[in-house]
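# Summary of structural features
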Amino acid sequence: MQEITEDFFDLHNNVEISTNGGENWRPAVVQPMSQNAYSWTFWNYTWIADQKGEFTIMSRATDSFGFVQPAEAKWNRKGYGYNACSVVHVKVE
């Protein structure tokens, strides 16, 4: 898996991945970061699906202040500041 996260206010220190709907989290490999605000943080994670089934894969970032992305975003009228974990549902056959 590869993805990017956007740094709006601070640099992302780490990214974690869950392949079981958030029950357990494992670290992703974060690429060297730009020191510029409003930049992208690139990361990757290798997941080997060793069994068939449906899986909920989630990613979350933690910034240098220790703030972790929440599972759900707080509602606001236009969706500004959406910061929840990324979630993808996959089926392995």
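Residues numbered from 1 in each chain as written. Predicted model: local features only at pLDDT ≥ 70, side-chain atom pairs only at ≥ 80, totals over all residues. Heavy atoms only, no water.

### Section: the pattern of salt bridges
Applicable threshold: Salt bridge, as used here, is a side-chain nitrogen of Lys or Arg placed within 4 Å of a carboxyl oxygen of Asp or Glu. To qualify as a helix, a DSSP run of H or I must reach at least 4 residues; to qualify as a strand, a run of E must reach at least 2; elements of each kind are numbered from the N terminus. Burial classes follow relative accessibility: with a 1.4 Å probe on protein chains only, a residue under 20% of its type's maximum area counts as buried, one over 50% as exposed, and anything between as partly exposed.
This model, assessed by the stated rule, comprises 2 salt bridges. The residue Arg60 makes a salt bridge to Glu16 at a minimum N-O spacing of 2.8 Å. Here Arg60 is found in strand S6 (residues 53–63), whereas its partner Glu16 is found in strand S2 (residues 12–18), with 44 residues between them in sequence. Neither Arg60 nor Glu16 differs from the other in exposure class; each is buried. For the salt bridge of Lys91 with Glu93, the shortest nitrogen-to-oxygen distance reads 3.7 Å. No difference in accessibility class separates Lys91 from Glu93, as the two residues are exposed.

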